[in-house]
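Architecture at a glance
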Amino acid sequence: MPDLLIELFSEEIPARMQARAREDLKKLVTDGLVGAGLTYASAGAFSTPRRLTLTVEGLTAESPTTREERKGPRTDAPEAALEGFLRSTGLTRDQLEARDDKKGQVWFATLTKPGRPAAEIVAEVLTATIRDFPWPKSMRWGAGSLRWVRPLHSIICILTDEAGANTVPLEIEGITAGNTTRGHRFMAPDEITVSSFEDYAAKLRRARVMLDSSEREAAIRQEAANLAFARGWEIVPDDGLLTEVAGLVEWPVPLMGAIEDRFLTLPPEVLQTSMKEHQKFFSARNPKTGRIEGFVTVANIETPDHGETILKGNQRVLAARLSDAAFFWDNDLRIAKTGMADWAEGLKSVTFQSQLGSQADRIARIAALAREIAPLVGADADQAEQAAKVAKLDLRSAMVGEFPELQGTMGRYYALAADYPAAVADAARDHYSPLGPSDDVPSAPVSVAVALADKLDTLTGFWAIGEKPTGSKDPFALRRAALGVIRLVLTNKARVNLTEIIGKGYPGADAADLLAFFHDRLKVYLRDQGTRHDIIDSVLSMPGNDDLVLLVNRATALSDVLKTEDGPNLLQGLKRASNILTQAESKDGVEYSFGADPKFAETDQERGLFAALDTAEPAIRAAVKAEDFPAAMSAMASLRAPIDAFFEAVQINTDHQIVRRNRLNLLSRIREAGRLIADFGRIEG
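The sections below set out a description of the structure shown in this document. Keep in mind that what you see is a predicted model, and the values were worked out from it rather than measured.

1. Comments concerning the pattern of salt bridges
In this structure the tally under the stated criterion is 54 salt bridges. Across the salt bridge formed by Asp382 and Arg371, the nearest N and O atoms sit 2.8 Å from each other. Placement of the pair is Asp382 in helix H11 (residues 381-390) and Arg371 in helix H10 (residues 359-373), with a sequence separation of 11 residues. Look at Asp382 and you get partly exposed, because its relative accessible area is 48%. Residue Arg371 is classed as partly exposed on the basis of its relative accessible area of 34%. Connected through salt bridges with shared partners, the residues Arg362, Arg365, Lys392, Asp454 and Asp457 form a single ionic network.

2. So, the packing of aromatic side chains
Counted by the stated rule, this structure contains 14 aromatic pairs. Between the aromatic rings of Phe46 and Phe197, the centroid separation amounts to 5.5 Å while the plane-to-plane angle is 20°, which identifies the pairing as stacked. Of this pair, Phe46 sits in strand E2 (residues 42-48) while Phe197 is found in helix H4 (residues 197-206), placing the two residues 151 residues apart along the sequence. Look at Phe46 and you get buried, because its relative accessible area is 18%. Taking the relative accessible area as the measure of exposure, Phe197 reaches 18% and is therefore buried. Where Phe133 meets Trp135, the ring centres are 4.9 Å apart and the plane angle is 45°; that geometry is what we call tilted. Through a chain of ring-to-ring contacts, three or more aromatic side chains come together here, namely Trp329, Trp343, Tyr413 and Tyr414.

3. Some points on the packing of helix H22 (residues 604-625) against helix H23 (residues 629-637)
Packing of H22 against H23 leaves a shortest axis separation of 8 Å and a crossing angle of 165°. Taken together, the axes of H22 and H23 lie roughly antiparallel to each other. H22 and H23 meet at a crossing whose hand is left-handed. Mapping the contact onto sequence places Ala616, Ala619, Ile620, Ala623 and Val624 in H22 and Phe629, Ala631, Ala632, Ala635 and Met636 in H23.

4. With respect to a negative patch on the surface
Together, Asp3, Glu57, Asp161, Glu162 and Glu198 make up a region of like negative charge exposed at the surface. In this fold, Glu162 is placed in the loop between strand E7 (152-161) and strand E8 (164-167).

5. Quick word on the packing of H11 against helix H14 (residues 422-430)
In helix packing, the relevant descriptors are the interaxial angle and the interaxial distance, both defined with respect to the helix axes. Look at H11 against H14: their axes get within 9 Å of each other, and the N-to-C directions meet at 45°. The orientation of H11 with respect to H14, classified from their angle, is oblique. Considering how the two elements wind past one another, H11 and H14 form a crossing that is right-handed. Every residue of H14 that contacts H11 at Gln383, Gln386, Ala387 and Val390 is listed here: Ala423, Val424 and Ala427. Classifying every residue of the contact of H11 with H14 by side-chain character gives five nonpolar, two polar and no charged.

6. Points about the side chain of Arg216
Looking at where Arg216 falls in the secondary structure, it is placed in helix H5 (residues 213-230). Although Arg216 lies buried, it forms no salt bridge, and the closest oppositely charged side chain, Asp212, sits 6.4 Å away as judged by the N-O distance. Contacts of Arg216, omitting those with residues within four sequence positions, involve Gln18, Ser47, Thr48, Met210, Leu211, Ala246, Gly247, Val249, Glu250 and Pro252.

7. Some remarks on the pairing of strand E3 (residues 51-57)
Within E3, six of the seven residues are buried, which leaves it mostly tucked inside the rest of the structure. With six bridges joining them, strand E1 (residues 3-10) and E3 adopt antiparallel strand pairing. Its bridge partner being in E3, Ile6 is matched across the sheet by Leu54. Inspection of the sheet shows E2 paired to E3 by seven bridges, in the antiparallel sense. Residue pairing for E3: Gly44 is matched across the bridge by Thr55. What sits between the antiparallel neighbours E2 and E3 is a turn of two residues.

8. Quick notes on empty space enclosed by the protein
Inspection of the entire model under this criterion finds one cavity of 30 Å³ or more. In terms of lining residues, the largest cavity is bounded by Val236, Asp238, Leu241, Gln272, Phe281, Phe282 and Ser283.

9. Observations regarding the layout of surface pockets
Size it by volume and the largest pocket reaches roughly 830 Å³. Considering the residues around the largest pocket, the lining is formed by 30 residues, among which Tyr432, Ser433, Leu435, Asp454 and Arg480 are closest to the centre. For the lining of the largest pocket, the secondary-structure elements that each account for two or more residues are strand E17 (351-353), H10, H14, helix H15 (445-464) and helix H16 (478-491). Element by element, the count of residues in the lining of the largest pocket is highest for H15, at four residues. Put simply, the second largest pocket is a space of about 260 Å³. In terms of lining residues, the second largest pocket is bounded by Asp238, Pro268, Glu269, Gln272, Thr273, Lys276, Glu277, Arg285, Gly290, Ile292, Glu405 and Leu406. Among the elements that make up the lining of the second largest pocket, the one with the highest residue count is helix H7 (residues 268-279) (six residues).

About the cut-offs
Residues numbered from 1 in each chain as written. Predicted model: local features only at pLDDT ≥ 70, side-chain atom pairs only at ≥ 80, totals over all residues. Heavy atoms only, no water. Salt bridge = Lys/Arg side-chain N within 4 Å of Asp/Glu carboxyl O. Helix = DSSP H or I, 4+ residues; strand = E, 2+ residues; numbered from the N terminus. Buried < 20%, exposed > 50% of the residue type's maximum accessible area, 1.4 Å probe, protein only. Phe/Tyr/Trp six-rings, centres within 6.5 Å; stacked < 30°, edge-to-face > 60°. Axes fitted to C-alpha atoms, helices over the stretch in contact; angles between N-to-C directions. Parallel < 35°, antiparallel > 145°, perpendicular 65-115°, else oblique. Left-handed = near helix turned anticlockwise from the far one by under 90°. Contact = heavy atoms within 4.5 Å. Patch = residues over 30% accessible without salt bridge, like charges linked within 9 Å, V, L, I, M, F, W, Y side chains within 5 Å. Areas by Shrake-Rupley, 256 points an atom, 1.4 Å probe, with all protein chains shown as cover. Lys, Arg positive; Asp, Glu negative; His and termini not counted. Charge placed at Lys NZ, Arg CZ, Asp CG, Glu CD. Nonpolar A, V, L, I, M, F, W, Y, C, P; charged D, E, K, R; others polar. Pairing = 2+ DSSP bridges. 1 Å grid on protein atoms, 1.4 Å probe; cavity = no way out; pocket = protein on both sides within 12 Å on 5 of 7 lines; lining within 4 Å. Points joined across faces, edges and corners; volume = space filled by probe spheres on them.

Next up, the structure:
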């Protein structure tokens, strides 16, 4: 069984596209091979800045011969029907077979599709893959029609078995597949002839090319850490930057430099962001001072001076970049120390949304809403309002204009420079959080109040103007805003009445509809946490469903009980009581909800259930009132045995109407006891 090696060698592939391209190449080729009847043992895809590589091991040498029987028209069908069948099969009349069928004799065609050698199939599949490759962006060059991310130079396509390596006959736009590639652009540019994947990978390494991106990442991480350790520093982790840099080099050579003393007073976030965005440098922190004092750049070449010239050039460019950042910082600080009035005035001319006014209008709404929310989360109302008024002023700063990702972060520095309290400054930094499902959730009361106000103003505003998410479209990230509110409330156990708060947001928002949207996002959030959807539905139907903490406490207690041995049996008993009662009420046209009396009980099991309910109902009510849902569920679980005994021994629909009515009213007590906690009818099982 041969092994297949494919390499598509081109000019530099953007780092951000390489991971997806690896997966696309693997999927398109292997799916095509399997679709054509070949099988394989394993496949692996690799990428460097100049090549995409695929290895397929244990490929079958040829596709199997297949036979297919196809039923045609009846033998006495019109001639046109027969001719159409012959055209579809590619056969002649004498190649058909007449067979008896239910409705008479019918023509049958036997189609034999001979197997094809793997090389023929590989050429066909790879040609289609290259021509239809789903690059996010691609280009044409020269006179050909082929589009590729960058000009494609050469193709390796070889099949290797015990007899040796054979090049697959393939030609695309003047590029003929072969068995040669090239190593590192500068250190080993000569042509390399390969015979298998193992030979290919080994020769590339000798030619200063690390084929595996994960190996390049590991090499960069380890060497950068070693360089930092030697100076008593540590590398600031950045997995995204690591992946990107590994996609920029074929032979990574980390080099460490120091930041000039004149820039060390810049905020560490500014240093880190400037170096990352402009030069793809890793930041090195001094753990003793907490400052960013150095950097690691990754060269793509080994030099006789061990990178000294490269490092000096990078440091000159870095000095220029950081000089700009220092200029922005100094100017922004001057404005911050005067109270940031210029920035506040400037936001009056910055439109937030055409129907929702300017950023200044929005800030005023958020400040008023933050003041309302503050007491609910234990925050000082004056500080919450003050924080909301300054939290977005950094949007007008030069630093945020240069680095938008620093909004909020710079707001904290500017608020501190303006002598605002630390809680206000921290709220300026934290009020955008959480931005995603894994982002940290603020816990400081003032930060929580402003973060909630910010997100609720966004939601109520867009709800009021009818700009709600539809299907997969959510251009204003309203689902993310709702999830942010949910995480803020639940993480901080904030007892916030959402309906009431929505009513204090942007005028005109449909509170009921927006609350339903919150419930939908809560379902998604809780399902991700492992809570069953039917349990969520059962508690959402209860009063107080605009208190998210209350909802989650109910759902958690209910979920925990249903996982116990008694849980499923208790659920069945409650559902059985409800079903019998519903049927009887529908049949009789009355509601059985009052008047169950133990004096009409005829069995010990009935009397036992009366006694159990007399004990459990007050305990459940008291526990629910105290919001002690584990205790409420424990009291509810105590009814399991009496309910089971009752249904085993007692016939509900007896001929004695007084006894029947009494028993139905007793079932009503069971149903109502359950409804104190949740709507058990919505729970599956």
